[in-house]
Amino acid sequence: MTCFDAHSDLLYDVTRRRLAGEERILETHHLDRLRSGGVEGLVLALWYGGGQGLTFWRDVPGADCEDVRLAAMLDHARTELAQCSQIQLVRTVREAEAARETGKLYAFLGIEGMAAFGTDAGALDRCYESGVRLGMLTWNEENALAAGAGGDPEKKLTAPGRAVVRRMRELHMLVDVSHLNDGGFWDVMDLAGGPVIASHSNCRALCDVRRNLTDEQLRAIRDTGGVVGLNVYHGFVHAEAEKQTAEMLARHAAHMAEVMGVEHVGCGFDFCEFIGPPDNDGAAGLEDASRIGNLFYWLEKLGMSREERELIARGNFLRVFRQVLG
């Protein structure tokens, strides 16, 4: 069984290593694990913020500005993918299917937080022209558009933030509410007009953290026709360390299926072991992309049919991507 991962931070590792003089990072460090785990395609996230003073960004001239970091990561992504013969950058599901038929993995670009935009009305269009097809208004921070999960939970979208959501709809870009605060989430639902996704969020009913979604939020995403992607990060799986396992993540999937219907559950694994354990460890049994099969083992143990598992693995997200992106 192959799968589609709707949230991958591999471009962080690509940028870090390319700035240090390496090339062909995806082929050298990651491709084997992706293939071992059955990954047929993924969303490569442009995550250029958060703790930059303690990372490789401190050595990049001008990198105290978000727009400089975003431009640098996008440039390195383009160069890396041009050198990688086994992964094809795509903009539509039709292009993804064509890449798959030739034996290549396919990759969409997403932006994880739009702090770099400020209130620049043209920034989103430029991002779209660069190939980005889905995006989050925030990471965990508050910016000129919205508040993230680390900000005021009641804060609404700003006027520029609402304008960005409307423009994303006009451009046929997918709006992703993972990392958005609760107040902004409900504003996006009011503006939806089509499928909204949460690419990498779990259930607050099973693990009560700000990055997970309530049952009410899950149903709201369902009502847009959207999908929620399961996140392997240990701290979003369970509060107790001994229950931070692949089996427990499968129980998040079962809960989502009960609340929303299995047609609205997907995978957005958010593997981050290359950023630095233990803070970024995946749940036990899901330490990196090569272990993805363990999730589907537990889904089968919980009674899910092969058809249901295939919907979660790839079918649901690709259905929504086809509807919005073409």
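Refer to the preceding data block for the structure.
Residues numbered from 1 in each chain as written. Predicted model: local features only at pLDDT ≥ 70, side-chain atom pairs only at ≥ 80, totals over all residues. Heavy atoms only, no water.

**Q** Before we move on, can you summarise the overall build of the chain with the specific residues and values?
**A** Each helix and strand counted, the chain has 11 helices and 9 strands in total. For 326 residues, the compact-globule formula gives about 20 Å, and the C-alpha radius of gyration of the chain, at 18 Å, lands near that figure. In terms of overall dimensions, the chain has a C-alpha envelope of 50 × 45 × 40 Å along the principal axes. With 326 residues in all, the chain has 57% of them scored as buried. Intrachain contacts of the chain at a sequence separation of at least 6 include 71% that bridge at least 24 residues. Of the roughly 12,800 Å² of accessible surface on the chain, 47% is carried by carbon and sulfur atoms. With 35 positive and 49 negative side-chain charges, the chain shows a separation of 4 Å between the mean positions of the two kinds. (Helix = DSSP H or I, 4+ residues; strand = E, 2+ residues; numbered from the N terminus. Rg over C-alpha atoms; globule rule 2.2 N^0.38 Å. Buried < 20%, exposed > 50% of the residue type's maximum accessible area, 1.4 Å probe, protein only. Contact = heavy atoms within 4.5 Å. Areas by Shrake-Rupley, 256 points an atom, 1.4 Å probe, with all protein chains shown as cover. Lys, Arg positive; Asp, Glu negative; His and termini not counted. Charge placed at Lys NZ, Arg CZ, Asp CG, Glu CD.)

**Q** How would you explain the pairing of strand 4 (residues 105–112) if you had to name every residue and give the values?
**A** In terms of residue burial, strand 4 counts as a mostly covered element, since 8 of its 8 residues are buried. Here strand 4 shows two buried faces, one formed by Leu 105, Ala 107, Leu 109 and Ile 111 and the other by Tyr 106, Phe 108, Gly 110 and Glu 112. Across 6 bridges, the pairing between strand 2 (residues 39–46) and strand 4 is parallel. Paired with Leu 44 across the two strands is Leu 109, which belongs to strand 4. Alignment of strand 3 (residues 87–89) against strand 4, held across 3 bridges, turns out to be parallel. Paired with Leu 89 across the bridge in strand 4 is Ala 107. (Pairing = 2+ DSSP bridges.)

**Q** Could you give an account of the layout of surface pockets, with specific residues and numbers?
**A** Its volume calculated, the second largest pocket comes out at about 200 Å³. If you go around the second largest pocket, the residues you meet are Asp 67, Leu 70, Ala 71, Leu 74, Ala 116, Phe 117, Asp 120, Ala 123, Arg 126, Cys 127 and Ser 130. Of all the secondary-structure elements, those providing two or more residues to the lining of the second largest pocket are helix 3 (66–83) and helix 5 (123–129). No other element matches helix 3, which puts 4 residues into the lining of the second largest pocket. (1 Å grid on protein atoms, 1.4 Å probe; cavity = no way out; pocket = protein on both sides within 12 Å on 5 of 7 lines; lining within 4 Å. Points joined across faces, edges and corners; volume = space filled by probe spheres on them.)

**Q** An account of the pattern of salt bridges is requested, with residue identities and associated values reported.
**A** One pass over the full model with this rule turns up 21 salt bridges. The salt bridge involving Asp 13 is made with Arg 16; its shortest N-O contact spans 2.3 Å. Separated by 3 residues within a single helix, Asp 13 and Arg 16 lie in helix 1 (residues 10–19), roughly one turn from each other. Overall, the relative accessible area of 0% leaves Asp 13 in the buried class. Note that Glu 287 is salt-bridged to Arg 291, the shortest N-O span being 2.7 Å. Overall, the relative accessible area of 33% leaves Glu 287 in the partly exposed class. By relative accessible area, Arg 291 is classed as partly exposed at 35%. Salt bridges linked by common partners bring Asp 13, Arg 16, Arg 17 and Glu 22 together as one network. (Salt bridge = Lys/Arg side-chain N within 4 Å of Asp/Glu carboxyl O.)

**Q** I'd like a rundown of the environment of Glu 142, residues and numbers included.
**A** As for its position among the elements, Glu 142 is in the loop between strand 5 (132–136) and helix 6 (159–171). In this structure, the C-alpha to C-alpha distance between Glu 142 and Asn 181, residues 39 residues apart in sequence, is 9.4 Å. Not counting chain neighbours up to four residues away, the residues in contact with Glu 142 comprise Ala 147, Gly 148, Gly 151, Asp 152 and Lys 155. A polar contact is formed between the side chain of Glu 142 and the backbone nitrogen of Asp 152, at a distance of 2.9 Å. (Polar contact = N/O pair within 3.5 Å; in protein donor to acceptor, adjacent residues only side chain to side chain.)

**Q** Which residues make up the side chain of Asp 288, and what values go with them?
**A** Of note, Asp 288 is situated in the loop between strand 9 (265–267) and helix 10 (293–301). For the buried Asp 288, which has no salt bridge, the nearest side chain bearing the opposite charge is Arg 33, at an N-O separation of 4.5 Å. When near neighbours in sequence (up to four residues on either side) are disregarded, Asp 288 contacts Arg 33, Phe 271 and Glu 273.

**Q** Run through the packing of aromatic side chains, naming residues and quoting values.
**A** The description of two aromatic rings rests on the distance between their centres and on the angle between their planes. Taken as a whole and assessed by the stated rule, the structure comprises 15 aromatic pairs. Ring centres 6.2 Å apart and planes at 85° place the aromatic pair Tyr 106 and Phe 108 in the edge-to-face group. Across the pair, Phe 108 and Tyr 106 agree in class, each one buried. Aromatic side chains Phe 108 and Phe 321 sit 5.1 Å apart centroid to centroid with 70° between the ring planes, which places their arrangement in the edge-to-face category. Note that Phe 108 is positioned in strand 4 and Phe 321 in helix 11 (residues 306–325), a separation of 213 residues in sequence. (Phe/Tyr/Trp six-rings, centres within 6.5 Å; stacked < 30°, edge-to-face > 60°.)

**Q** Lay out helix 6 in plain terms, naming residues and giving numbers.
**A** With 13 residues, helix 6 extends 18 Å between its outermost C-alpha atoms, agreeing within 8% with the 18 Å of an ideal straight helix rising 1.5 Å per residue. What helix 6 keeps buried is the set Gly 161, Val 164, Val 165, Met 168, Arg 169 and Leu 171. Where helix 6 is buried, its residues touch helix 5, strand 5, strand 6 (174–176), helix 7 (182–191) and strand 7 (196–197). Looking at the residues trailing helix 6, positive phi occurs at His 172, about 60°. (Expected span 1.5 Å × (residues − 1).)

**Q** How would you sum up the side chain of Asn 181? Please name residues and give values.
**A** Take Asn 181: it is sitting in the loop between strand 6 and helix 7. Accessibility expressed as a relative area gives 3% for Asn 181, which makes it buried. From its side chain, Asn 181 meets the backbone nitrogen of Gly 184 in a polar contact 2.9 Å long. Beyond its immediate chain neighbours, meaning those up to four positions away, Asn 181 contacts Ala 147, Gly 148, Ala 149, Asp 152, Pro 153, Glu 154 and Lys 155.

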